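Chain residues, written in single-letter form:
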Amino acid sequence: MSVLQLWLNLGLNTLSLASLLAMLTVGLTLIFGIMRIMNFAHGAMYMFGAYVGISAAQWAGNFWAGLLFAALSAAAVGAIFESGLLRHLYKRDASSFLLITFGLSLVLTESTRLGWGSNSRDVQLPEALAGVVLVMDEPFPLYRVFLIGFGLTALGILTIVILKSRLGLLIRSISQNAEMTQALGVNVGTIRTLTFAVGCGFAGLGGFLAVPLITGYIGMGSSAIIESFVIVMIGGMGSFLGSAVGSLLVATTQSFGNFYFPDLSLVVTYLLMIGVLLYRPGGLFGEEE
Amino acid sequence: MKYAVPIVAMLAAAPFALQSYQVTLLTEILIFALFAMSLDVQMGYARLFSFGHVLPYGVGAYACAFALLAGWPLPIAIAAAVLVATLLSIPIGWLSTRASGVAFAMLTLAFAQLGYAIVFKWNTLTGGSDGLTGFARNAGPFGFDGFVSRDGFFWLVLIVVFAMYWLARGFMNSAMGRAIVGVRENERRASAIGYVPRTLRIVAFVLSGALAGMAGALHAGFLLFVSPEILHWTLSGHVIIAVVLGGTGTLIGPMIGAALIVLAHHQLSAVTDSWPLVMGLLFIIVVIAAPKGLWGIKASLAAKISQRRAPPAGEKHAAS
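Predicted, not measured: the structure shown is a model, and the values here were computed from it.

**Quick look at the UniProt feature "transmembrane region" (unreviewed entry) in chain B**
Residue and element names in this part refer to chain B.
Here is step 1 of the chain: Under the local residue numbering, the UniProt record ascribes the feature "transmembrane region" (unreviewed entry) to residues 20–39, 51–70, 76–95, 102–122, 152–168, 202–226, 238–263 and 275–297.
Here is step 2 of the chain: Between the end C-alpha atoms of residues 76–95 there is a gap of 29 Å, over a span that is 100% helix and 0% strand.
Here is step 3 of the chain: Spanning residues 102–122, this segment combines 95% helix with 0% strand, and its end C-alpha atoms are found 30 Å apart.

If you want it as structure tokens, here you go:
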């Protein structure tokens, strides 16, 4: 393999990983940006979505059914958490939300373990996604190409909804001034529940899409949450552009790192974060506090 | 503090009355209690929600293991471990306190993960995922070996934990300790008086790290085994649960919370595999219903009772 082919391969890997990471972190950013809640249960949602998706895909014999159920189940659990618990606590400070959602992550993780057991699980790729494509005469997994396309589409739709639609306008106005928005006759509670559910739905979607690469296991949420916190810290909390750029940076470190310095790639990821924070404590695109 | 002497005396007598595994369990409780108390120095008193408190704990444990492997006496190994944890906490405290609130929590988490990744990957030094074994509680200077046995080590832990509680209490009642609480309560006023909030936060962070390093060193001396597991962030989560359960902002509350968690773990894991589920639910209930924890409930009950018993004092307060 020539250097050019290798770099092209690693570059495509980076893009597919980045699109997965962006789907994971966009929900975290959405929820934090609108509601000022740093959702510690996000990783557990990711894992939960993956498990429900795997079961749904097996039951229906269809990968796409798994995809749908992964997103819907995580969104439903998110809606339950928000409307049953979090909405009664908006007077509390940000740190107590970190504690409560940390408790929720334990509950969700252990409930999943109770329901599905501790074994890891896999999912059958549909034939349309199972093959390889030739990129400059080198084989590259088709599934990773699909990930790039799917991620870009999903994130693109979310961006358009938030920036162009009336719902997006309301969501943005709630993040600016919830009381004033409420006074204008908007049902703020419902929109917050919806926002939380959509954020969690993206986590579930990301979890299921990650299964063909990493196989599903109970601990996948606890590594994902750390990874997404690192990305959010690099990009800046609450910034969509930040979560995209952060995902791209972390994915680059990981895919190139795993090839050139496999033992150090994880360490380099954390060093990258520390370096960015030394330079800008609020993250690359965050507001200075 | 008025119960401290009888409690310590009772604990000190425990090895004569209890079975071997119960002494072991008590040792484990005391070490976890010290760990929880150390976290509360920054979490309760300085309101720094660290999700990376395993870092000084784990580093202390590894440092103690290395020192014991090198043949150093146990007390010196513990002292060295505390030194290492303290020195490590200074730059990390300086860096982390550049952020505040949730960002601070995530930064500490990431630093702890960095430590975990290094320990996990650096096979030649740390033994990687297998960890370190093959060390013993070496006798002290002049061949003193009173703490080498199981009971002797329990007494050493008891003395250390009580001494650290006493020291931390003294510090929190000192001018600097009060200033740290002052910054927590009203940062603007504290800086108007002339305190530098960030410096005080770093002091609390480093002190807390030193105590955690000591708990970690005791952990290594207790199990005579260390592995990357003690640097995994889930342990940070458990110690946070202990602190919140017992009551933040008090040194004794987190110790009680820690004891409850170790006991609950032992009792529940015999019955069900999903004790984290029970713990998670309990934790959520406490955070929502009793933000000051179990010790806080006790304190407010005691205040109500004493008010009822002494109405004249209450009236006087109401009048003034």
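Read on, since the account is not over.
**Concerning helix 5 (residues 101–121) of chain B**
Here is step 1 of the chain: Between the first and last C-alpha of helix 5 of chain B there are 31 Å, a value that for 21 residues agrees with the 30 Å anticipated at 1.5 Å per step.
Here is step 2 of the chain: Of all 21 residues making up helix 5 of chain B, 17 are buried, and the element is well covered by its neighbours.

**Topic: the interface of chain B and chain A**
Here is step 1 of the chain: Each partner contributes to the interface: chain B provides 36 residues, whereas chain A provides 38 residues.
Here is step 2 of the chain: Of all residues in chain B, the largest losses of buried area upon contact with chain A belong to Val102, Met106 and Trp233 of chain B, amounting jointly to 18% of the total for that side.
Here is step 3 of the chain: On inspection of chain B and its partner chain A, the count reaches zero salt bridges.
Here is step 4 of the chain: When contributions to the side of chain B that touches chain A are tallied by element, the ones reaching two or more residues are helix 4 (74–96), helix 5, helix 11 (233–246) and helix 13 (275–289) of chain B.
Here is step 5 of the chain: In terms of residue count, helix 5 of chain B provides more of the side of chain B that touches chain A than any other element does, 14 residues in total.

**Observations regarding unusual backbone geometry**
Residues and elements named next belong to chain A.
Here is step 1 of the chain: Phi angles above zero are rare outside glycine, and Arg36 is one such case at about 60°.
Here is step 2 of the chain: By the secondary structure assignment, Arg36 is in the loop between helix 1 (3–35) and helix 2 (42–60).
Here is step 3 of the chain: In this structure Arg36 comes out as partly exposed when scored by relative accessible area, which is 43%.
Here is step 4 of the chain: At Thr215, a residue that is not glycine, the phi angle is positive and equals roughly 55°.
Here is step 5 of the chain: Examined against the element boundaries, Thr215 turns out to sit in the loop between helix 9 (188–214) and helix 10 (220–235).

**Topic: empty space enclosed by the protein**
Residues and elements named next belong to chain B.
Here is step 1 of the chain: One pass over the structure, following the stated rule, counts two cavities of 30 Å³ or more.
Here is step 2 of the chain: One number sums up the size of the largest cavity: a volume of about 90 Å³.
Here is step 3 of the chain: In this structure, the largest cavity is lined by 14 residues; those nearest its centre are Gly52, Leu55, Pro56, Ile92 and Phe205.
Here is step 4 of the chain: Of the residues in the lining of the largest cavity, the class split is seven nonpolar, seven polar and no charged.

Cut-offs used in this document
- Residues numbered from 1 in each chain as written.
- Chains lettered and ligands numbered in written order.
- Predicted model: local features only at pLDDT ≥ 70, side-chain atom pairs only at ≥ 80, totals over all residues.
- Heavy atoms only, no water.
- UniProt positions renumbered as here; feature names shortened; annotations may be inferred.
- Helix = DSSP H or I, 4+ residues; strand = E, 2+ residues; numbered from the N terminus.
- Expected span 1.5 Å × (residues − 1).
- Buried < 20%, exposed > 50% of the residue type's maximum accessible area, 1.4 Å probe, protein only.
- Contact = heavy atoms within 4.5 Å.
- Buried area = accessible area lost by both parts, 1.4 Å probe.
- Salt bridge = Lys/Arg side-chain N within 4 Å of Asp/Glu carboxyl O.
- 1 Å grid on protein atoms, 1.4 Å probe; cavity = no way out; pocket = protein on both sides within 12 Å on 5 of 7 lines; lining within 4 Å.
- Points joined across faces, edges and corners; volume = space filled by probe spheres on them.
- Nonpolar A, V, L, I, M, F, W, Y, C, P; charged D, E, K, R; others polar.

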